[in-house]
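Here are the chains, one letter per residue:
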Amino acid sequence: MRLDKFLKVSRLIKRRTVANEACDNARVSVNGRPAKASYDVKVGDVLQIQFGARAVTVEVLQVSENVRKDDAVGMYRELLPDAAK
């Protein structure tokens, strides 16, 4: 699944266009490297997303095309800032 679509389906970012812009502006990194929106997300990848001054680091647990709102949180696990290093 594309990175921008994963961010939208998992509800880490509300809209796919916003996710795409975040990738274009190097605010999203995968496994420590800036990633393009077309990056193929795999289980076990560690994503870091910059939201202004705040950064969120998550590990991908599941990749699924269609997920209900209640189940979207199960697609990733939030990591503590020092656990991602």
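Rules and cut-offs
Residues numbered from 1 in each chain as written. Predicted model: local features only at pLDDT ≥ 70, side-chain atom pairs only at ≥ 80, totals over all residues. Heavy atoms only, no water. Patch = residues over 30% accessible without salt bridge, like charges linked within 9 Å, V, L, I, M, F, W, Y side chains within 5 Å. Areas by Shrake-Rupley, 256 points an atom, 1.4 Å probe, with all protein chains shown as cover. Salt bridge = Lys/Arg side-chain N within 4 Å of Asp/Glu carboxyl O. Lys, Arg positive; Asp, Glu negative; His and termini not counted. Charge placed at Lys NZ, Arg CZ, Asp CG, Glu CD. Helix = DSSP H or I, 4+ residues; strand = E, 2+ residues; numbered from the N terminus. Polar contact = N/O pair within 3.5 Å; in protein donor to acceptor, adjacent residues only side chain to side chain. Contact = heavy atoms within 4.5 Å. Buried < 20%, exposed > 50% of the residue type's maximum accessible area, 1.4 Å probe, protein only. Pairing = 2+ DSSP bridges.

**Student:** Sorry, what's going on with a positive patch on the surface here?
**Tutor:** On the surface, Lys-8, Arg-11, Lys-14, Arg-15 and Lys-69 cluster together into a patch of positive charge. Following the sequence through the fold, Arg-15 ends up in the loop between helix H1 (3–9) and helix H2 (16–24).

**Student:** Can you help me understand the side chain of Ser-10 in this one?
**Tutor:** Looking at the secondary structure, you find Ser-10 in the loop between H1 and H2. A polar contact is formed between the side chain of Ser-10 and the backbone oxygen of Phe-6, at a distance of 2.8 Å. Setting aside chain neighbours within four positions, we find Ser-10 in contact with Ala-72, Met-75 and Tyr-76.

**Student:** Any chance you could explain the pattern of salt bridges here in plain terms?
**Tutor:** Here the idea is simple: oppositely charged side chains can pair when their charged atoms come close. By the definition in use, this model includes 5 salt bridges. Put simply, Asp-4 and Arg-2 hold a salt bridge, and the shortest N to O gap is 3.1 Å. With relative accessibility at 1%, the residue Asp-4 sits in the buried group. Put simply, Arg-77 and Glu-59 hold a salt bridge, and the shortest N to O gap is 2.1 Å. In this pair, Arg-77 sits in strand E5 (residues 76–79) while Glu-59 sits in strand E4 (residues 54–60), placing the two residues 18 residues apart along the sequence. One network of salt bridges, in which partners are shared, links Arg-2, Asp-4 and Arg-16.

**Student:** Which parts of the structure should I look at to understand the sheet that holds strand E3 (residues 46–51)?
**Tutor:** Whenever strands of a sheet pair, they do so through backbone hydrogen bonds, lying parallel or antiparallel. Judged by pairing direction, the sheet is antiparallel, and its 5 strands sit side by side in the order E2-E1-E3-E4-E5 without closing on themselves. Both outer strands of the open sheet, strand E2 (33–34) and E5, are each paired with one neighbouring strand and no more. Of the pairings in the sheet, the one linking E4 to E5 comprises 4 bridges and is antiparallel in character. Along E5, the bridge assignment pairs Val-60 with Tyr-76.

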